[in-house]
Amino acid sequence: MSATARITPRGEDRIRAGHPWIYRSDVREVTDASPGAVVRVTGARDKVLGHALFSDQSQIVLRMLTRSDVEIDRAFWRARLEAAIAFRQSLGLDATAYRLVHGEADLLPSLIVDRYGDVLVLQALSQGMDRLTSTLVPLLVELTGARGVLARNDPKVRQLEGLEQKVELLHGEVPPTVAVHEGPIAYEVDVWHGQKTGLFLDQRENREAALRYARGRVLDGFSYHGGFAMRLAPVATTVVALDSSADAVARIAHNAAMNGIANIEAREANVFDELRHLERENARFDTIVLDPPAFARNKAAVPKAIAGYKEINLRALRLLEPGGCLVTCSCSYNVDEAMFGQVLYEASVDSHRPVTVVEKRMQGRDHPVLLGVPETYYLKCFILRVVG
Ligand code: SAH
């Protein structure tokens, strides 16, 4: 008898609507399934609805892999990975670092694979993907020719699956830093310890977009390794790059020097405090980038997050010259585009600065959004112009 999960009519509706997650309350019965197993999913009258990854810990008990009754074997995984890789190749990205697999959006739920040159960095964020890692890694190596594969299985969400948080080498070798480029900018990436898998790959296209409007005195708040600062430096007179992490600030200085960029001043600072300080000093900027960490990691944190977004955007608008540009982001999934737009509107009203929306953007194309699965749309990026 094979592993089976029987779900409720409401669960069936969710699957029909295209959402791959089935919560505990919609699962009637699970038989013969060990943690992380691939299970057959059945509905009313034992009709087979497809196959899914099973978790015995998470509230998300099932993650649908397919709505067909097919064999989930090596050939299945190979085809899914091939499709994900072929899509990235088709994008013609001018970068050697990009996302190869974006979980649900590649029909590989809870699997992240980022490419940094000839190194792959993987995150298996469910029991199912954790268990499948030994099947997927040889396939990934075969399909990409990677010389090393690192598991950055340190995200907190693994706790929800009862999985250990750990970083481990899965294949070949992964050096302490990997050299990559994004457009004209070179990076040395510490994939072992850097935030996320090393870089914020999801902002690549927003950095390019910002370049179309940036000029003059630029302020890059929440700079991390200087992604926006370095891309905008050639069109700026000066760039002030802020980050609260001393490590990040050291890295910005190092990256700027490596790229022969001389007009970036990297400072260790809390953006909230620094914006207040700059306002007191009557400082003015022509371009400001705000790319904070996710302020709302869960629903309960939304009101506080909104207040935080409002504060930094309001202060940034006050610091901008008329005609100035604000590139402002939110990567909180729990604050959706409409809510973020409302925050920006309120910041505009309270700062008495009329603002136009020049572009409304999201995460890069290598991090696609699966329609009907709002969880895959997390990064919002508005490019605003202060008109008066
Ligand atoms: N803009 C970057 C990514 C930013 S990630 C890029 O394009 O690559 C968010 C950064 O904000 C992290 O580096 C984190 O150290 C920093 N940070 C978090 N809270 C902060 C605060 N209050 N003030 C300044 N930096 C902060």
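In short, a report on the structure. Counting from 1, residues in each chain are numbered in the order their sequence is written. In view of the model being predicted, local features appear only for residues whose pLDDT reaches at least 70, and side-chain atom pairs are presented and counted only at 80 or more, with totals across whole chains, interfaces and linings using the full set of residues. Note: side-chain values were computed over all heavy atoms of the structure, leaving out hydrogens and water.

## What about the overall build of the chain?
For the purposes of this entry, the term helix denotes a DSSP run of H or I that reaches at least four residues, the term strand denotes a run of E that reaches at least two, and both are numbered from the N terminus. Scanning the chain from N- to C-terminus turns up nine helices and 20 strands. In this setup the radius of gyration rests on C-alpha atoms only. A globule is expected at 2.2 Å times the number of residues raised to 0.38. Relative to the compact-globule value of 21 Å for 388 residues, the chain shows a C-alpha radius of gyration of 22 Å, a close match. Dimensions along the principal axes, computed over C-alpha positions, put the chain at roughly 75 × 45 × 35 Å. Buried positions account for 55% of the 388 residues belonging to the chain. Here the chain displays about 16300 Å² of accessible surface, and carbon together with sulfur accounts for 52% of that area. When charges are counted, Lys and Arg contribute as positive and Asp and Glu as negative, whereas His and the chain ends are disregarded. For the purpose of locating charges, the reference atoms are NZ of Lys, CZ of Arg, CG of Asp and CD of Glu. Taking the average place of the 47 positive charges on the side chains of the chain and the average place of its 49 negative ones, the gap between the two points comes to 4 Å. Relative accessibility thresholds used throughout: buried, under 20% of the residue-type maximum; exposed, over 50%; partly exposed, between the two (1.4 Å probe, protein chains only). The accessible surface values rely on the Shrake-Rupley method and a 1.4 Å probe; as for residues, cover is taken only from the protein chains in view.

## Remarks on the site of the ligand
Near is defined per residue: the residue qualifies when any heavy atom it owns lies within 4 Å of the molecule or strand. Close to the ligand lie 15 residues; Arg207, Phe222, Asp243, Val271 and Asp291 are nearest. Here a polar contact means two N or O atoms within 3.5 Å. Within protein one must be a hydrogen donor candidate and the other an acceptor candidate, and residues neighboring in sequence count only if both atoms are side-chain atoms. Between glutamine 195 and the ligand, the recorded distance is 3.2 Å, taken from a side-chain N or O atom to an oxygen atom. For the ligand, whose accessible area on its own is 580 Å², the fraction buried by protein is 90%. Of the residues belonging to the shell around the ligand, the class tally is seven nonpolar, five polar and three charged. Here the term charged refers only to Asp, Glu, Lys and Arg, the term nonpolar to Ala, Val, Leu, Ile, Met, Phe, Trp, Tyr, Cys and Pro, and the term polar to all other amino acids, Gly among them.

## A closer look at the nonpolar core
To define a nonpolar core, start from buried Ala, Val, Leu, Ile, Met, Phe, Trp, Tyr and Cys residues and group those joined through side-chain atoms within 4.5 Å. Of all hydrophobic cores here, the largest spans 38 residues; its most connected members are Tyr116, Val180, Val191, Ile264 and Val327. With residues near it in sequence (within four places) discarded, isoleucine 264 still touches Ala229, Met230, Ala233, Val239, Ala241, Ile252 and Ala256. By size, the runner-up hydrophobic cluster in this structure holds 31 residues, among which are Ile288, Val302, Val335 and Ala347. Working rule for contacts: check all heavy atoms of both residues, and any pair within 4.5 Å makes them a contact.

## Re the packing of aromatic side chains
Pairing of aromatic rings covers Phe, Tyr and Trp, the last counted by its six-membered ring, and requires centre-to-centre distances within 6.5 Å; plane angles under 30 degrees mean stacked, over 60 mean edge-to-face, and any other angle means tilted. Overall, the coordinates contain six aromatic pairs when judged by the stated rule. Ring geometry for phenylalanine 272 versus phenylalanine 295: centroids 5.9 Å apart, planes at 40 degrees, classification tilted. With phenylalanine 272 in helix H7 (residues 271–280) and phenylalanine 295 in the loop between strand S17 (285–290) and helix H8 (302–319), this pair connects stretches of sequence that are 23 residues apart. Centroid distance tyrosine 309 to phenylalanine 340: 5.5 Å. Interplanar angle 75 degrees. Geometry classified as edge-to-face. Of this pair, tyrosine 309 sits in helix H8 while phenylalanine 340 sits in helix H9 (residues 337–350), and the two are 31 residues apart along the sequence. Look at tyrosine 309 and you get buried, because its relative accessible area is 0%. Through pairs of rings, three or more aromatic residues link up here, namely Phe272, Phe295, Tyr309, Phe340 and Phe382. The positively charged end of arginine 207 is found above the aromatic ring belonging to phenylalanine 228, 5.6 Å away from the centroid. For a Lys NZ or an Arg CZ to count as sitting over a ring, it must be within 6 Å of the ring centre and within 35 degrees of the ring normal. Above the ring of tyrosine 377, the side-chain terminus of lysine 380 is found at 6.0 Å from the ring centroid.

## Concerning the sheet that holds strand S14 (residues 216–221)
One requirement defines pairing of two strands: DSSP has to find at least two bridges between them. A sheet is described by the order of its strands in space; here seven strands give the open sequence S16-S15-S14-S17-S18-S20-S19, paired in mixed fashion. Pairing within the sheet leaves two strands with one partner each, and these edge strands are strand S16 (264–268) and strand S19 (355–362). The average undirected angle you get between the axes of adjacent strands in this sheet is 15 degrees. Bridge count between S19 and strand S20 (residues 380–386): seven bridges; the pairing is antiparallel. Across the sheet, residue methionine 362 finds its bridge partner in S20, namely lysine 380. Each axis is a line fitted through C-alpha atoms, and for a helix only the stretch in contact is used; angles between axes span 0 to 180 degrees, taken between their N-to-C directions. Along the sheet, H7 makes contact with S14, strand S15 (236–243), S16 and S17, crossing S14 at roughly 150 degrees. Its contacts with the sheet place H8 against S17, strand S18 (320–330), S19 and S20, and it is angled at close to 160 degrees to S18.

## Examining the pattern of salt bridges
What makes a salt bridge here is a side-chain nitrogen of Lys or Arg within 4 Å of a carboxyl oxygen of Asp or Glu, nothing more. Here the structure, examined in full by the defined rule, presents 38 salt bridges. Across the salt bridge formed by aspartate 106 and arginine 88, the nearest N and O atoms sit 2.7 Å from each other. Placement of the pair is aspartate 106 in the loop between strand S7 (97–102) and strand S8 (111–116) and arginine 88 in helix H2 (residues 74–90), with a sequence separation of 18 residues. Judged by its relative accessible area of 3%, arginine 88 falls in the buried class. Among the ionic pairs, aspartate 350 bridges to lysine 310, the shortest N-O distance being 2.9 Å.

## Remarks on the environment of glutamate 29
Relative to the assigned elements, glutamate 29 resides in strand S3 (residues 27–31). Expressed as a C-alpha distance, the spacing of glutamate 29 and arginine 204, which sit 175 residues apart in the sequence, is 44 Å. Look past the residues within four positions of glutamate 29 in its chain and what remains in contact with it is Thr4, Ala5 and Arg6.

## Topic: H8
For H8, which comprises 18 residues, the first-to-last C-alpha distance of 26 Å matches the rise-based estimate of 26 Å (1.5 Å per residue) to within 8%. When we look at burial in H8, the residues that qualify are Val302, Ala305, Gly308, Tyr309, Ile312, Asn313, Leu314, Arg315, Ala316, Leu317 and Leu319. Helix span, as expected, comes to 1.5 Å for every residue beyond the first.

## Description of the side chain of histidine 102
On the secondary structure map, histidine 102 appears in strand S7. The buried category is assigned to histidine 102, whose relative accessible area is 7%. Once residues lying within four places of it in the same chain are set aside, the contact partners of histidine 102 are Arg88, Leu111, Ile112, Gln363, Asp366, His367, Pro368, Thr376 and Tyr378.

## Concerning the sheet that holds strand S9 (residues 119–124)
Pairing is mixed in the open sheet, where five strands are placed in the order S7-S8-S9-S10-S11. Edge strands, defined here as strands with exactly one partner in the open sheet, are S7 and strand S11 (166–172). Recorded for the sheet is a direction-independent mean angle of 20 degrees between the axes of neighbouring strands. Each of S7 and S8 touches H2; the most contacted strand, S7, lies at about 145 degrees to it. The sheet contacts of helix H3 (residues 127–144) involve S7, S8, S9, strand S10 (148–153) and S11, and relative to S9 the element is tilted by about 160 degrees.

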